[in-house]
2 protein chains.
Amino acid sequence: MTNESRIWTAALVVVGDEILSGRTQDKNIAQVASWLGVQGIRLREVRVVPDDMDAIVEAVNTLRARNDYLFTTGGIGPTHDDITVDAVAQALGVDVVIHPKARAILEAYYETRGGLNEARLRMARVPDGADLIENKVSGAPGIRAGNVYLMAGVPGITAQMLDGLTGQLEGGLPLLSTTVGCWVAESEIADLLRETEKAFEGVQIGSYPFFREGKTGANFVIRSVDEAQLQACAHALEEGLGAIGRFPVSGGI
Amino acid sequence: MTNESRIWTAALVVVGDEILSGRTQDKNIAQVASWLGVQGIRLREVRVVPDDMDAIVEAVNTLRARNDYLFTTGGIGPTHDDITVDAVAQALGVDVVIHPKARAILEAYYETRGGLNEARLRMARVPDGADLIENKVSGAPGIRAGNVYLMAGVPGITAQMLDGLTGQLEGGLPLLSTTVGCWVAESEIADLLRETEKAFEGVQIGSYPFFREGKTGANFVIRSVDEAQLQACAHALEEGLGAIGRFPVSGGI
């Protein structure tokens, strides 16, 4: 098995009462998922948990053990409801310490913004042994503790932290995808989809129906790590749709 | 303990490779969360899992056991990648059967749409003993199997199914919330937040910072099942902000 054929996986724990209450529409799942795909890492599972120590610890411990990487978003700010650092430290069985470089970054950042108070210093706390992930927006860094990557809850800040990590994580072949759309009820062509998928080893076809302008359609997303297999499968599906008088739309609708 | 003081909880399993790949931005978490809140049921945990039998079964069995209700979204359509019914049946230890009423609904729906083929009949399959949840949009019903509620992946269809369930589920007191906004760095007032929360029994304050128009602000979301406590806490927080020369914005920014 070459290194390239190994599949690298990640999980994500979204920490936040505001997501579970429905107040805030999560944007970090899609953002982290897309970024991981480009790194050649597959997002295998996401858990959204409340701002609750036991719930975070359980999710972190289960998911870090069975994935190459675990990301968290949320709960690393300066207020009383920010407990992700404490929870990850507890999960890892280490103390929480002040990271000297994080302290220096925050001191510099807050020099012209009222100074470093006790709450702000909370953002320099890390699980013992952790490294920092740079954040150009708001000073407070992200944190890497073992295979756990702690990111912000605010999507724009997480974007900066992911940017700082780009190319740093080992991954495998990226999962490629292409889409074929068609104005057809997926239920009319379920057999064609199943048989086409079966004919191409290592290829998955996902079927995503929609209703627009009073009409039924679907996008068929074809995924593979092999570009040639991907294109051959898409071609076969388009031929199959054409053969029953349905017009396929390359790239999706 | 009166029935009203019992807390009713739910979990949600989002089934879908398309969410984990980042292709599709999930809308069902926020939708289900908001709907549950109105029913007096708290969403405690969400898991997003791939279109994989073992992953769905594990999530369903863990979450149905520790919550009053479990919802799933996705994977109940007519194509080969729709396996949620099979996974829930396996989790419950029952067979998959054709529900006669679901079959009749689909026969009527497809009478003028090309007839009921084998793929469409898949949407009449339910875990043995299950009931149907009406869906006025696209014929194929949602499913209730024990305390598990199977909903569509397409958010507009799930909305219809939730509408059909409104008022049907037993819940407790709804968790009320009110928001106080302020153009302040949350790190400046972390102590005020902590102390205000502590002063009001059963009240939680969440702090949600943002950056807009080059300025730092935050919304403080106060939650309680007790309207009087909620308002008293919001008032105290507004007073506290005023006392340090910060202008609170009732209702949030």
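Being a predicted model, the structure only gives us computed values, none of them experimental.

Definitions and limits used
- Residues numbered from 1 in each chain as written.
- Chains lettered and ligands numbered in written order.
- Predicted model: local features only at pLDDT ≥ 70, side-chain atom pairs only at ≥ 80, totals over all residues.
- Helix = DSSP H or I, 4+ residues; strand = E, 2+ residues; numbered from the N terminus.
- Buried ≥ 20, exposed ≤ 12 C-beta atoms within 10 Å, placed from the backbone.
- Contact = placed C-beta atoms within 7 Å.
- Arc of directions from axis to C-beta.
- Pairing = 2+ DSSP bridges.
- Axes fitted to C-alpha atoms, helices over the stretch in contact; angles between N-to-C directions.
- Parallel < 35°, antiparallel > 145°, perpendicular 65-115°, else oblique.
- Left-handed = near helix turned anticlockwise from the far one by under 90°.
- Nonpolar A, V, L, I, M, F, W, Y, C, P; charged D, E, K, R; others polar.
- Domains from an automatic or database assignment.
- Least-squares fit on C-alpha atoms with pLDDT ≥ 70 in both.

Per the secondary structure count, chain A includes nine helices and twelve strands. Each principal axis of the C-alpha distribution contributes one length, and for chain A these read about 70 × 45 × 35 Å. Every one of the 253 residues in chain A was classed for burial, and the buried ones make up 50%. Across chain A, every contact between residues at least 6 apart in sequence was considered, and the portion connecting residues at least 24 apart equals 68%.

Moving on: helix α8 (residues 190-199) of chain B. Those residues of α8(B) that sit buried are Ala190(B), Leu192(B), Leu193(B), Thr196(B) and Glu197(B). For α8(B), the angular spread of the buried residues around the axis is 165°, confining them to a single face. Residues of α8(B) that are buried sit in contact with α6 (118-121) of chain A together with β10 (204-212), β11 (215-224) and α9 (227-243) of chain B.

Residues and elements named next belong to chain A. The four strands are arranged β10-β11-β9-β12 in an open sheet whose pairing can be described as antiparallel. Both outer strands of the open sheet, β10 (204-212) and β12 (248-250), are each paired with one neighbouring strand and no more. The mean angle between the axes of side-by-side strands here comes to 25°, regardless of whether they run parallel or antiparallel. Across nine bridges, the pairing between β10 and strand β11 (residues 215-224) is antiparallel. Each residue of the ladder has a partner; that of Ser 207, found in β11, is Phe 220. Taken strand by strand, helix α9 (residues 227-243) contacts β9 (176-182), β11 and β12, and its axis lies near 10° from that of β9.

A separate point is the pairing of strand β2 (residues 41-49) of chain A. Counting buried positions along β2(A) gives nine out of nine residues, so the element sits mostly inside the fold. Bridge analysis of strand β1 (residues 8-15) of chain A against β2(A) gives eight bridges, and the strand direction is parallel. When the sheet's bridge partners are listed, Val15(A) is paired in β2(A) with Val49(A). Here three bridges tie β2(A) to strand β2 (residues 41-49) of chain B, and the two strands are oriented antiparallel to one another. Within the sheet, the bridge partner assigned to Val46(A) lies in β2(B) and is Val48(B).

Next up on the list: the packing of helix α3 (residues 53-65) of chain A against helix α4 (residues 84-92) of chain A. Residue and element names in this part refer to chain A. Running from N to C, α3 and α4 point in directions that differ by 50°, and their axes come no closer than 9 Å. Considering the angle they form, α3 stands oblique to α4. Every pair of crossing elements has a handedness; the one defined by α3 and α4 is right-handed. Where α3 abuts α4, its residues Met 53, Ile 56, Val 57, Val 60 and Asn 61 lie against Thr 84, Asp 86, Ala 87, Val 88, Gln 90 and Ala 91. Class assignment of the residues belonging to the contact of α3 with α4 gives a composition of seven nonpolar, three polar and one charged.

Okay, the domain arrangement of chain A next. Domain annotation of chain A identifies domain 1 (3-165) and domain 2 (176-250). Between the C-alpha centres of domain 1 of chain A and domain 2 of chain A there is a distance of 37 Å.

The operation relating the two chain copies consists of a rotation about an axis and a shift along that axis. The operation relating chain A to chain B is a screw motion whose rotation component is 180°, with 0.0 Å of axial translation and a residual RMSD of 0.0 Å. Each copy turns onto its partner about a two-fold axis. Relative to the rotation axis, the closest C-alpha in chain A is found at Arg47(A), a distance of 2.2 Å. Most of the interface of chain A is mirrored in chain B, where 98% of its interface residues again form contacts.

What follows is about the sheet that holds strand β3 (residues 69-73) of chain B. Here we have twelve strands laid out as an open sheet, ordered β6(A)-β7(A)-β8(A)-β3(A)-β1(A)-β2(A)-β2(B)-β1(B)-β3(B)-β8(B)-β7(B)-β6(B), and mixed in their pairing. At either end of the open sheet lies a strand with only one pairing partner, and these are β6 (131-133) of chain A together with β6 (131-133) of chain B. If you compare each strand with its neighbour and ignore which way they point, the axes differ by 20° on average. Here strand β3 (residues 69-73) of chain A pairs with strand β8 (residues 148-151) of chain A via four bridges, running parallel. Looking at the pairing, Phe71(A) lines up with Tyr149(A) of β8(A). Packed onto the sheet, α4(A) meets β1, β3, β7 (142-145) and β8 of chain A and runs at close to 170° relative to β8(A).

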